[in-house]
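Geometric and topological summary
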Amino acid sequence: MKILFSPTHYIYDSTQHGTEFFDSYFVATTLSKHWPASTVIVGRNLEPASETTKVIEIDKKINAIGVTFVGAMIFALRYSAATYLQLRRHKYDILHHVRPFLVGSTINPIVLLNLHRGASFVVGPFCSPYDPETDSSIMSRPLRAALRFLSIRTLQKADLIFVYDDYTKEMISQFVNPSVIKVTPPTISDGSYSPRNNQKSYQGDINILSVGHLIPRKRFDHLLYSFQKAAKKNGRIKLTIIGEGTERAKLEALIAEMQLQDRVRLLGFIPNKEIGKNYANAHLFVCLQSAESFGKVYLEAMAAGLPIITSDNVGSRQIVTPDVGLLVQPGDVDGLAEQIIQLSNNPARMEQLSSRAYDTFTHKYDQMVVSRNYINAYKMLMEDMRI
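Residues numbered from 1 in each chain as written. Predicted model: local features only at pLDDT ≥ 70, side-chain atom pairs only at ≥ 80, totals over all residues. Heavy atoms only, no water.

**A short note on empty space enclosed by the protein**
One pass over the full model with this rule turns up 1 cavity of 30 Å³ or more. Reported here for the largest cavity is a volume of approximately 30 Å³. Every residue lining the largest cavity is listed: Ile215, Pro216, Arg219, Phe220, Asp221, Glu247 and Leu251. Along the lines of polarity and charge, the residues of the lining of the largest cavity split into 4 nonpolar, no polar and 3 charged. (1 Å grid on protein atoms, 1.4 Å probe; cavity = no way out; pocket = protein on both sides within 12 Å on 5 of 7 lines; lining within 4 Å. Points joined across faces, edges and corners; volume = space filled by probe spheres on them. Nonpolar A, V, L, I, M, F, W, Y, C, P; charged D, E, K, R; others polar.)

Structure (structure tokens):
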């Protein structure tokens, strides 16, 4: 069987940060290893040559972050042209639109024009947008309506759709047959996060970790306010924040104003391959972002066996169950502070959540588990389509 993965995102790179980039790479490489002679069409390829997969690069200068609406449309035209040429020259059994895909604004011109030459059509994985309004704010109402119609039509032509969670499945089931939708959670890169291989000591300092881009939506300022309140009740807690972004100067000033320099560290950006020791040294993972589509950092925390305290939103509530952590309302500074105080003063509860978090990761989000989910879904599609 031959698969044409197109598009497979702006960047093809196993080291890219963020759920979308790594997961796009992971899906394409996992399936192409199982079914060699597949082809991957990407914006820019940063991976070494593969013996089993042909990679076609269409834009060596594209940036992974901050692609504009116009840039996305140009990318769509480029991958469509490359896809059409491949379909004319070779026989493919499946055309798989991996990423980017945003419900309501992403389309696949090849499929809409019925140019995929009998190949089965697969979409995903993707998740619901954390804030649908912001994604289309620069477009006129008629253009938004047209794109939404064509985006839904693209999904309706799919033989198989991969989504991250039940929330997204329910959302697109309004206009797509639920039988073609497969819920398949993402995974994280191998070797970056230390497994829970020894029992942590809770006798000394309690190290709290938070990871993410330092941008307004992540609300690290709220986290600092909560930590300040909690630190007055528990002198053993310390906070480490990993990430870089536009809010860094503001957060540094806030830490100084609160006189927390000896208890809060801003470490900046740390590559995936080096961040594992920070997870291994932590006792608790905490964040209070206002919105999220799917929280990859929760998987990283669970892989390291960390209990989680975070805000209740689309990206957290289906991951952070009562077995692995605690949820508070977005913006609830006092609520977060109270949960930090209670959990940091209860080592037995932290150890219980730690064990369950790691077990949940290994049974649901581990790479071997997720790989098997994709391969089995493809095999079922092949049976249904008699490929």
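**Re the sheet that holds strand β10 (residues 206–211)**
Within a sheet, each strand pairs with its neighbour through backbone hydrogen bonds, oriented either parallel or antiparallel. Ordered in space as β12-β11-β10-β13-β14-β15, the 6 strands form an open sheet in which the pairing is parallel. The open sheet terminates on both sides in strands that have one partner only, identified here as β12 (264–268) and β15 (325–328). Between one strand and the next, the sheet's axes are offset by a mean angle of 20 degrees, whatever the strand orientation. Direction of pairing for β10 relative to strand β13 (residues 284–286): parallel, over a ladder of 2 bridges. Across the sheet, residue Leu209 finds its bridge partner in β13, namely Phe285. The sheet strands contacting helix α10 (residues 296–303) are β10, β13 and β14 (308–311), and the helix crosses β14 at an angle near 170 degrees. (Pairing = 2+ DSSP bridges. Helix = DSSP H or I, 4+ residues; strand = E, 2+ residues; numbered from the N terminus. Axes fitted to C-alpha atoms, helices over the stretch in contact; angles between N-to-C directions. Contact = heavy atoms within 4.5 Å.)

**What to know about the confidence of the model for the protein chain**
Predicted confidence across the protein chain gives a mean pLDDT of 88, with 92% of residues reaching 70 or more. For the stretch residues 131–136, pLDDT sits under 50, and the model shows 3 contacts to residues farther than four places along the chain or on other chains. (pLDDT = per-residue confidence, 0-100.)

**Digging into the packing of aromatic side chains**
Both the distance between ring centres and the angle between the ring planes are used here to describe each pair of aromatic rings. Enumeration according to the criterion identifies 9 aromatic pairs in this entry. The interplanar angle of 25 degrees and the centroid separation of 6.0 Å between the aromatic rings of Phe22 and Phe26 together place this pair among those described as stacked. Highlighted residues: Phe22 and Phe26, both in helix α1 (residues 19–34), separated by 4 residues, approximately one helical turn. Note on accessibility: Phe22 and Phe26 belong to one class, buried. When the ring of Tyr279 is compared with that of Phe285, the centres are 6.2 Å apart and the planes differ by 10 degrees; the resulting orientation is stacked. Accessibility classification places Tyr279 together with Phe285 in one group, the buried group. An aromatic cluster of three or more residues is present, and its members are Tyr12, Phe22, Tyr25 and Phe26. Against the face of Tyr92 rests Lys2, its NZ or CZ located 4.9 Å from the ring centre. (Phe/Tyr/Trp six-rings, centres within 6.5 Å; stacked < 30°, edge-to-face > 60°. Buried < 20%, exposed > 50% of the residue type's maximum accessible area, 1.4 Å probe, protein only. Lys NZ or Arg CZ within 6 Å of the ring centre and 35° of its normal.)

**Observations regarding the sheet that holds strand β5 (residues 53–57)**
Read across the sheet, 7 strands follow the order β5-β3-β1-β6-β7-β8-β9 without closing on themselves; strand pairing throughout is parallel. Two strands bound the open sheet, and with one partner strand each, they are β5 and β9 (181–183). Adjacent strand axes in the sheet meet at a mean angle of 20 degrees, parallel and antiparallel pairs treated alike. Against the sheet, helix α13 (residues 367–385) touches β1 (3–5), β6 (94–97), β7 (120–126), β8 (160–163) and β9, its axis set at about 165 degrees to β8.

**Regarding the packing of helix α12 (residues 347–365) against α13**
The geometry of α12 relative to α13 is characterised by a closest axis approach of 6 Å and an angle of 30 degrees between their N-to-C directions. Taken together, α12 and α13 sit at an angle that is classed as roughly parallel. Here Thr362, His363, Lys364 and Tyr365 of α12 come into contact with α13, specifically with Gln367, Val369 and Val370. Grouping the constituent residues of the contact of α12 with α13 by class yields 3 nonpolar, 3 polar and 1 charged. (Parallel < 35°, antiparallel > 145°, perpendicular 65-115°, else oblique.)

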